[in-house]
Amino acid sequence: MADKVKKKRVGPITFFRQVRAEGNKVTWTSRQETIQATIFVVIMSILIALFLFLADFIINLAVKAITGL
């Protein structure tokens, strides 16, 4: 069996200090980058929704034509 490695436990104050230190290392996006990414996601969501709507509509028409309903 693999040997279990015991991790050293830290107190809550040390934990929150470490969390804060890691948070400071994060590279945050600028407001402009966030707005651009949001606009891109909205546009792509609309395009995908339109594509799926059209595909469903065409398949529905084909099924009705084949089954004669």
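Residues numbered from 1 in each chain as written. Predicted model: local features only at pLDDT ≥ 70, side-chain atom pairs only at ≥ 80, totals over all residues. Heavy atoms only, no water.

Student: What should I look at first to understand the overall build of the chain in this one?
Tutor: When you go through the chain residue by residue, the secondary structure sums to two helices and zero strands. For 69 residues, the compact-globule formula gives about 11 Å, and the C-alpha radius of gyration of the chain, at 26 Å, lies well above that figure. When the 10 positive and 4 negative side-chain charges of the chain are each reduced to one mean point, those points stand 13 Å apart. (Helix = DSSP H or I, 4+ residues; strand = E, 2+ residues; numbered from the N terminus. Rg over C-alpha atoms; globule rule 2.2 N^0.38 Å. Lys, Arg positive; Asp, Glu negative; His and termini not counted. Charge placed at Lys NZ, Arg CZ, Asp CG, Glu CD.)

Student: Where do I start with the pattern of salt bridges in this structure?
Tutor: Side chains that differ in charge, positive against negative, can pair when their charged atoms come close. Applying the stated rule across the entire model yields one salt bridge. Where Lys25 meets Glu22, a salt bridge forms, and the shortest distance between an N and an O atom there is 3.2 Å. Of this pair, Lys25 and Glu22 both sit in helix H1 (residues 12-25), separated by three residues, roughly a single helical turn. Using a relative accessible area of 47% as the deciding quantity, one classes Glu22 as partly exposed. (Salt bridge = Lys/Arg side-chain N within 4 Å of Asp/Glu carboxyl O. Buried < 20%, exposed > 50% of the residue type's maximum accessible area, 1.4 Å probe, protein only.)

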